[in-house]
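Topology and contacts: notes
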Amino acid sequence: MPIYNSLETWPRRAADCRQTPRLGRVLMADPAAFDVVDAQNAHMRDAAGELNIINKKRAREQWESLAAAYRRAGIDVSILDAEPGLPDFCFAANPSFVLPLPDGGREMWLSKMAHASRRGEVAAHAAFARKNNINIREMPAHVPRFEGTGDAMLHPGRFLLHAGVGPRSTRAAWDALADAHPDLDILIYQLHDERFYHLDTALAPLDENTALIVPQAFDGRGLKLIKSAFASAFEIPIAESLQFAGNAHCPDGRHVILQKGCVETERWLRSRGFEPVPVETGEFIKSGGSVFCLKLAW
Ligand code: ARG
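In what follows, the accompanying structure is described. Numbering of residues starts from 1 in each chain and follows the order in which that chain's sequence is written. Side-chain atom pairs in this predicted model are given and counted only at pLDDT of 80 or more, local residue features only at pLDDT of at least 70, and totals for whole chains, interfaces and linings cover all residues. With hydrogens and water set aside, each side-chain value is computed from the structure's full complement of heavy atoms.

Considerations on the pairing of strand S4 (residues 96-100)
- Burial of S4 is extensive: five of the five residues sit out of reach of the surface.
- Each residue's exposure class comes from its accessible area (1.4 Å probe, protein chains only) as a fraction of the maximum for that residue type: buried when under 20%, exposed when over 50%, partly exposed otherwise. Put simply, DSSP marks the helices as runs of H or I at least four residues long and the strands as runs of E at least two long, and each gets a number from the N terminus on. Residues Ser96, Val98 and Pro100 of S4 are buried on one face, and the alternating residues Phe97 and Leu99, pointing to the opposite face, are buried as well.
- For two strands to be treated as a pair, DSSP must find at least two bridges joining them. Linking two consecutive strands that pair antiparallel, namely S4 and strand S5 (residues 106-110), is a turn of five residues; a positive phi of about 100 degrees is found at Gly104 within it.

As structure tokens, this is what we get:
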């Protein structure tokens, strides 16, 4: 079984894994229906315990400027129309996961959303895959939860996956993926801090050797494993992790789009030759998501 949860058992290093093309395009989903209607994660209530209130106009502006930032970086952006009644639909990372294959093909794995309120989002991703001739794969019936690219982080350029096990995705999902792809190495990480409930809130792979990580989200075994996969890993200061710096997205090995104000992370990125692209995503952070969550790479 190609699933590993410790450095001691993983028989390869990242550079030994087969090469795959990087996914170069992003899909975003219109935020017209975006709202906070129930608390699905630790970020959705204010200090008094009330559900956060979304400023819809500001959310729209922030979403538009994120799309513009991708386009300025030369990345093609496709848009899914808003789905009435689906307040989290704009978090396009979650309803599916696109896996690029070493032979140049790719497939879309459809999610099994943990919250009933999000289950209706998946059909629109499947329709997008059909329209774009992407092979659709489904998890077997016994898999209870799988939240797509929220917990499935590709190692840039390699047939290697970093996978979160926690409130949103179960080990059974990774077993199913391993059965389908015995030559894919899957490194799994147990998430045990409720503030970092998806792996994408705690790990941002930038290029083959470099990543941003939130050390608090992992146990000692996970940290060792991740640091061996990425020779250069920046441990984000906790204040910036809580501003979702760990939810940054590097679409091309150079630009790193991240929440505005994460200055220590930005400084480190510049020192390593990356180009930080700060954007404001505050309205979406009120729902527990930032840059990486707001798009699906495909
Ligand atoms: N409110 C959404 C949820 O809890 C936010 C999803 C953020 N997405 C992400 N990939 N972390 O499901």
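A word on the sheet that holds strand S15 (residues 296-297)
- With mixed pairing, three strands are arranged side by side in an open sheet as S3-S2-S15. A single partner strand is all that each edge strand has here, and the edge strands are strand S3 (77-80) and S15.
- Note: strand S2 (residues 26-29) against S3, four bridges, orientation parallel. The residue bridging Leu27 from the neighbouring strand is Ser78, located in S3.
- Across the sheet, helix H1 (residues 56-72) is in contact with S2 and S3; its angle to S2 comes to roughly 170 degrees.
- Contacts are assigned to residue pairs that have any heavy atoms within 4.5 Å of one another. To get an axis, fit a line to the C-alpha atoms, keeping to the stretch in contact for a helix; angles then go from 0 to 180 degrees between the N-to-C directions. With respect to the sheet, helix H2 (residues 122-131) is in contact with S2, S3 and S15, its orientation differing from that of S3 by roughly 130 degrees.

Points about H2
- Within the sequence span of H2, burial applies to Val122, Ala124, His125, Ala126, Phe128 and Ala129.
- Check the buried side of H2 and you find it contacts S2, S3, S4, S5, strand S6 (135-138) and S15.
- Of the residues flanking the end of H2, it is Asn133, one or two places downstream, whose phi is positive at about 55 degrees.

Topic: the state of the cysteines
- Throughout, a disulfide means two cysteine sulfur atoms within 2.5 Å of one another. The tally for this structure, following the rule as stated, stands at zero disulfides.
- Free cysteine Cys17: the closest other cysteine sulfur is in Cys250, separated by 19 Å.
- Judged by its relative accessible area of 6%, Cys17 is buried.
- No disulfide involves Cys262; its sulfur sits 13 Å from the nearest other cysteine sulfur, which is in Cys293.
- Judged by its relative accessible area of 0%, Cys262 is buried.

Notes on the sheet that holds S5
- Spatially, S4-S5-S6 is the arrangement adopted by the three strands of the open sheet, whose pairing is mixed. In this open sheet, the two edge strands, each paired with only one partner strand, are S4 and S6. Across the sheet, the mean angle separating the axes of adjacent strands is 30 degrees when strand polarity is ignored.
- Across four bridges, S5 lies against S6 in parallel orientation. For Trp109, the partnering residue across the bridge sits in S6 and is Arg137.
- The strands touched by H2 are S4, S5 and S6; relative to S5, the strand with the most contacts, the crossing angle is about 165 degrees.

Notes on the packing of aromatic side chains
- Stacked, tilted and edge-to-face are the three classes applied to pairs of Phe, Tyr and Trp rings, where Trp contributes its six-membered ring and a pair requires centres within 6.5 Å; stacked means planes under 30 degrees apart, edge-to-face means over 60, and tilted covers the rest. In the structure shown here, the tally under the stated rule is seven aromatic pairs.
- Plain terms: the ring middles of Phe34 and Phe284 are 4.7 Å apart, the flat faces sit at 25 degrees to each other, and that makes the pair stacked. Of the two residues, Phe34 is situated in the loop between S2 and H1 and Phe284 in helix H7 (residues 282-285); the sequence distance between them amounts to 250 residues. Neither residue differs from the other here; Phe34 and Phe284 are each classed as buried.
- Each ring, one from Phe234 and one from Trp268, has its centre 5.0 Å from the other, and the planes form 20 degrees; the classification is stacked. With Phe234 in strand S12 (residues 232-235) and Trp268 in helix H6 (residues 263-271), this pair connects stretches of sequence that are 34 residues apart.
- Members of the aromatic cluster, connected to one another through ring pairs, are Phe34, Phe91 and Phe284.
- Cation over ring: Arg25 sits above Trp298, and NZ or CZ is 4.1 Å from the ring centre. Both a distance and an angle decide whether a charge sits over a ring: NZ of Lys or CZ of Arg must be within 6 Å of the ring centre and within 35 degrees of the ring normal.

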